[in-house]
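The primary structure of each chain is shown beneath.
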Amino acid sequence: MTHGAQIVRSPQPISGPSRTKCGMATVETAAEHERILREIESTDTNCIGPTLRSVYDGQEHGVFMDKLDARIRNHDREIEKMCNHHFQGFVDSITELLKVRGEAQKLKSQVTETNRSLQGDGKELMNSMEELRQCRVQQRNIATTVDKLTHCLPVLEMYARLQEQMKTKRYYPALCTLEQLEQTCLPRAGQYRFCTIMAENIPKLRTQIRDTAMIQLKDFLESIRKHSDKIGETAIRHNCSARWTTLSLLLTGAPGEKHWQPLGSCRETGRVRARCQNWTLASWMWRMKRMMITSVVLRTWWTSHPCTAVFISTLCCYGVLQGLRDVFENYYRKQRRKQARLVLQPHSNMHETLEGYRRYFNQIVGFFVVEDHVLHTTQGLVNRAYVEELWELALSKIVAALRTHSSYCDDPDLVLDLKNLIVLFADTLQGYGFPVSQLFDMLLEIREQYGEILMKRWNITFRQVLDQDNFSPIPVSTEEEYSHYTSLFPLQDPQLDKLLFPKKLPFSQFVPKVYCQLKEFIYACLKYSEDLHLSSTEVDDMIRKSTNLLLTRTLSHCLQYAIKKKNVGLAELVQVIINTTHLEQSCHFLEEFIANITNVPPDTANATKLYGTSTFKDARHAAEAEIYTSLNAKIDQFLQLADYDWLVGVPTGDAPMPSDYLLDLVAFLKSTFSVFTNLPGKVAQTACMSACKHISTSLMQLLLDPEVKQISMGALHQLNADVHECEGFARAGPVAGFQGDTLLLAFSDLRQLLELFTMWDWSSYLADYGKASCKYLRVNPHAALALLEKMRESSRKNVVFAQFRKTDRDRQKLIDTIIKQLRNVIAQQQHT
């Protein structure tokens with residue numbers, strides 16, 4: 001805006017109040033205009049349109065224009081002042097620039113000349129640089145070609161190797177090559193047609209390998225199902241070989257000896273002790289050797305078997321195939337579980353032969369040896385939890401099957417072989433880390449069954465020994481025979497040793513045979529206890545309890561059978577007593593024998609004691625009772641021959657002779673008691689006293705028999721003669737050891753009763769009855785009354801025919817009087 005454009009307006013006069021109001025508006029307008037000017041100065045010219053519009057819209061446009069002009073003039077003055085201040089410097093700068101222009105022209109000429117010279121000199125260099133560039137390009141192209149070939153040639157070589165591996169059916173290396181080709185080589189080779197073709201063929205090849213691997217897996221599972229028994233047989237055989245090699249060297253000193261050898265004499269127990277002391281060392285050495293030999297042999301068999309290579313290749317293939325390992329694991333575990341169910345199902349006739357058990361164990365061992373090897377040679381196919389779960393399931397079924405089938409067995413040899421087979425089976429699997437404590441617990445259960453079977457066998461053996469025994473002392477003619485029997489039975493009799501040959505041993509063949517059978521039974525129990533991981537104390541306790549059961553049940557019943565069977569004579573019973581006496585004396589030798597073979601002292605705390613002493617005592621007491629019973633039965637046979645005439649008259653001449661049957665009875669007793677010389681004194685004395693009492697009691701019963709209604713005095717004289725004969729036998733002392741007339745006391749009751757009637761001494765009897773000094777102290781008033789009534793009946797019969805005899809009438813009255821008195825005595829006795 002120019003000064004010429006300014007519009008000059010004359011001011012208008014303003015009145016008083018209006019002047020005041022006008023003054024306030026002017027101040028506000030001036031402030032607003034000042035603001036607009038500052039805004040115009042500080043704002044971009046593109047944005048001052050709204051500001052100017054506000055000026056034109058207002059009423060003070062002219063005033064604003066004046067102020068704008070004034071502001072422009074101020075700025076002009078300031079510009080002018082600034083130009084005046086810097087003018088001299090500007091002139092100096094122009095002068096300097098003019099000088100520089102001349103120098104620049106010179107420099108330009110020099111540069112142009114230099115450039116021309118340089119261009120001429122560098123033309124040859126440029127040609128060389130071009131040639132170098134071309135060489136560099138060729139070199140880079142060659143390097144690129146070599147690099148591409150470096151990436152392509154391995155692809156081609158690897159693909160050729162893949163084709164060769166597929167052709168030779170090496171699927172796991174082929175799959176590894178395929179993975180390397182796909183993951184590494186093809187991405188490096190680049191986008192080539194042959195690479196595209198190869199990439200398209202890779203899924204097809206992988207599918208082919210997968211299908212082939214599945215077929216091989218099925219073939220492998222079928223192969224190990226068929227070969228499990230062979231694997232198990234190999235494991236158990238080498239386990240057994242290592243075991244028996246170690247034990248035979250330590251226990252017998254001779255390789256190949258696989259069983260305990262029965263000892264012929266108790267004097268050889270020291271050798272048994274030495275063997276048992278080596279048992280712990282033998283067990284340890286056997287375990288170490290088993291671990292080495294079995295591991296080496298089985299792993300060699302495993303790695304050399306064709307099906308193993310197939311399985312390893314198959315396993316590796318599925319490990320490489322993405323997403324298919326779970327399929328492989330599930331399929332493998334499912335099929336193995338099915339095979340396990342088949343393996344664990346025993347045959348119905350497995351218990352009939354040991355071979356059935358052996359096949360059963362071989363299959364199970366082979367199955368779990370394969371699983372253990374798979375566990376330790378693969379990663380993730382099976383784990384420890386899976387194998388342990390499978391073994392727990394198998395172990396419960398194995399134990400159940402063995403319990404069922406072993407219960408059918410009644411042959412101790414088969415049970416013992418089965419036990420050894422179970423021990424080998426358990427130890428073999430234990431060597432592979434499987435827990436087998438339940439199998440050993442089951443073996444302890446089977447031991448009870450084994451003991452019962454042994455009891456049945458030894459029951460038959462003892463009965464055969466008893467049936468074959470002649471119950472006669474053993475005659476020996478030479479020192480060799482004597483040594484033979486003393487080696488079988490620990491006989492210690494210094495007096496017998498001093499006797500000259502020929503001589504007789506006091507016992508029969510039954511004694512050494514039974515003693516040897518007892519030792520054989522102990523050996524049989526010991527054989528079962530081997531390898532059960534029991535302590536010496538447990539083995540000792542087990543053997544002692546079984547031996548006690550044999551003594552108290554089996555042998556005791558056999559002895560009772562021999563004693564109670566029919567047609568056993570007194571001589572046989574006497575020999576049974578002698579035999580049981582010697583067997584009783586040998587019980588402490590059996591104690592020492594068990595202590596030696598178990599290496600447990602017999603005085604150990606809580607040690608079970610043998611009950612052999614009580615067993616043989618009971619048998620001896622039963623034989624003694626049977627002797628008494630048989631002797632009395634024989635006496636009864638003689639007494640049945642008694643034929644008394646109870647109404648015979650009184651003899652007028654000499655005293656009557658003893659009855660024939662009684663003479664035979666006395667002769668029999670004399671010959672019988674002569675055999676009792678080898679019996680213990682009390683037994684012979686008791687038998688003799690029992691026989692005499694039985695004779696006295698039987699004669700008393702004959703006399704007081706209710707069926708005998710009448711008895712004459714003559715019959716009493718005959719019976720008195722028989723009693724005299726018996727008393728003569730008693731006085732002769734048929735058995736040594738009785739003091740004085742002790743044996744006569746057996747006939748005292750009968751003797752006093754007969755004397756009372758034959759002497760007719762009723763006055764003394766009735767007067768002294770109840771007194772200690774009574775002559776007829778042992779006469780029972782009841783017996784006297786019964787016998788007197790029978791005599792009265794006989795007298796009454798005679799009175800009928802001789803009623804006019806005064807003496808007979810008086811005797812009859814006397815009898816009646818005595819009967820009344822006896823009844824009074826009996827009545828008084830009952831009241832007191």
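The rules behind these values
Residues numbered from 1 in each chain as written. Predicted model: local features only at pLDDT ≥ 70, side-chain atom pairs only at ≥ 80, totals over all residues. Heavy atoms only, no water. Helix = DSSP H or I, 4+ residues; strand = E, 2+ residues; numbered from the N terminus. Buried < 20%, exposed > 50% of the residue type's maximum accessible area, 1.4 Å probe, protein only. Contact = heavy atoms within 4.5 Å. Areas by Shrake-Rupley, 256 points an atom, 1.4 Å probe, with all protein chains shown as cover. Axes fitted to C-alpha atoms, helices over the stretch in contact; angles between N-to-C directions. Nonpolar A, V, L, I, M, F, W, Y, C, P; charged D, E, K, R; others polar. Salt bridge = Lys/Arg side-chain N within 4 Å of Asp/Glu carboxyl O. pLDDT = per-residue confidence, 0-100. Patch = residues over 30% accessible without salt bridge, like charges linked within 9 Å, V, L, I, M, F, W, Y side chains within 5 Å. Lys, Arg positive; Asp, Glu negative; His and termini not counted. Charge placed at Lys NZ, Arg CZ, Asp CG, Glu CD. Polar contact = N/O pair within 3.5 Å; in protein donor to acceptor, adjacent residues only side chain to side chain. Phe/Tyr/Trp six-rings, centres within 6.5 Å; stacked < 30°, edge-to-face > 60°. Lys NZ or Arg CZ within 6 Å of the ring centre and 35° of its normal. Core = buried A, V, L, I, M, F, W, Y, C linked by side-chain atoms within 4.5 Å. Parallel < 35°, antiparallel > 145°, perpendicular 65-115°, else oblique. Left-handed = near helix turned anticlockwise from the far one by under 90°.

A. Broad picture of the overall build of the chain. The helix and strand inventory of the chain stands at 27 helices and two strands. Buried residues in the chain amount to 42% of all 832 residues. Taking contacts inside the chain between residues at least 6 apart in sequence as the whole, the part at least 24 apart equals 79%. As presented, the chain carries roughly 46,500 Å² of accessible surface, and 54% of it is formed by carbon and sulfur atoms.

B. Representation of the packing of helix α18 (residues 570–585) against helix α19 (residues 587–598) within the structure. Relative to each other, α18 and α19 sit at 40°, their axes nearing to 4 Å. Counting all contacts with α18, which are made through L583, E584 and Q585, the residues of α19 involved are C587, H588 and F589. In the contact of α18 with α19, the residues fall into three nonpolar, two polar and one charged.

C. Spotlight on the pattern of salt bridges. Under the definition given, this model contains 21 salt bridges. One salt bridge connects E452 with R553, and the closest N-O pair in it is separated by 2.8 Å. Taken as a pair, E452 in helix α13 (residues 437–468) and R553 in helix α17 (residues 536–564) lie far apart in primary sequence, 101 residues in all. Here E727 ties to R751 by a salt bridge, and the two come within 3.0 Å at their closest N and O atoms. In this pair, E727 sits in helix α23 (residues 713–731) while R751 sits in helix α24 (residues 748–759), placing the two residues 24 residues apart along the sequence. An identical accessibility class is assigned to E727 and R751; each is buried. Within this structure, E34, R38 and R71 form a network of salt bridges that share partners.

D. Looking closely at the confidence of the model for the chain. Overall, the predicted model of the chain reaches an average pLDDT of 78, with 83% of residues at or above 70. A low-confidence stretch, residues 246–291 stays under pLDDT 50, and its non-local contacts, those more than four residues away or across chains, total 72 contacts. Of the regions scoring below 50 in pLDDT, residues 799–804 engages in five contacts with residues more than four places distant in sequence or in other chains.

E. View of a negative patch on the surface. Taken together, the side chains of E479, E480, E481 and D497 make up a negatively charged region of the molecular surface. Top contributing element to the negative patch by residue count: helix α14 (residues 479–488), with three residues. Here E479 shows up in helix α14.

F. Representation of the side chain of E624 within the structure. Mapped onto the elements, E624 comes out in helix α20 (residues 612–639). Here E624 is buried and forms no salt bridge, its nearest opposite-charge partner R620 lying at an N-O distance of 4.0 Å. Setting aside chain neighbours within four positions, we find E624 in contact with I577 and V683.

G. Broad picture of a positive patch on the surface. A grouping of K334, K338, R341 and K397 is seen on the molecular surface, where their side chains present a positively charged patch. Here the element with the most residues in the positive patch is helix α9 (residues 325–343); it accounts for three residues. Along the chain, K334 turns up in helix α9.

H. Broad picture of the side chain of D761. Along the polypeptide, D761 turns up in the loop between α24 and α25 (762–768). In this structure, D761 is buried with no salt-bridge partner, the nearest side chain bearing the opposite charge being K775 at 4.3 Å. One polar contact links D761 to Y776, side chain to side chain, over a distance of 3.3 Å. What D761 contacts, discounting residues up to four positions off in sequence, is L756, K775 and Y776.

I. Spotlight on the packing of aromatic side chains. Under the defined criterion, the tally for this structure stands at 23 aromatic pairs. Between Y644 and Y661 the ring centres are 6.1 Å apart and the planes differ by 90°, which places this aromatic pair in the edge-to-face class. Of the two residues, Y644 is situated in the loop between α20 and α21 (660–675) and Y661 in helix α21; the sequence distance between them amounts to 17 residues. Each member of the pair, Y644 as well as Y661, carries the same accessibility label: buried. An angle of 85° between the planes, with centres 6.1 Å apart, marks the rings of W762 and Y765 as edge-to-face. Within this pair, W762 and its partner Y765 are both found in helix α25, separated by three residues, close to a single helical turn. W762 sits in the buried class, given a relative accessible area of 3%. The aromatic ring of Y561 is capped on one face by R463, whose charged end is 4.1 Å from the ring centroid. Directly above the aromatic system of F501 lies the positively charged group of K503, at a separation of 4.5 Å from the ring centroid.

J. How the structure looks around a nonpolar patch on the surface. Judged by side-chain polarity, F87, F90, V91, I94, L97 and L98 come together as a nonpolar surface patch covering roughly 590 Å² of accessible area. Note on F87: relative accessible area 51%, which makes it exposed.

K. Highlighting the nonpolar core. Among the nonpolar cores identified, the biggest contains 180 residues, and F361, I398, L439, I627, L669, F673 and L703 are the most heavily contacted of them. At 13 residues, α13 tops the list of elements feeding residues into this core. When residues no more than four places from it in sequence are discounted, the contact partners of I627 are L570, L573, V574, I577, F676, L679 and A687. In this structure, C152, V155, M158 and A189 belong to the second largest nonpolar core, which totals 19 residues.

L. Fine view of the packing of helix α3 (residues 61–167) against helix α4 (residues 171–189). It is the contact of α3 with α4, at a shortest axis distance of 9 Å, that shows an interaxial angle of 160°. Looking at the two axes, α3 sits roughly antiparallel to α4. Once α3 is placed against α4, the crossing between them reads as left-handed. For the pair formed by α3 and α4, the contact residues are H151, C152, V155, M158, Y159, R161, L162, Q165 and M166 on the first element and Y171, P173, A174, T177, L178, Q180, L181, C185, L186, R188 and A189 on the second.

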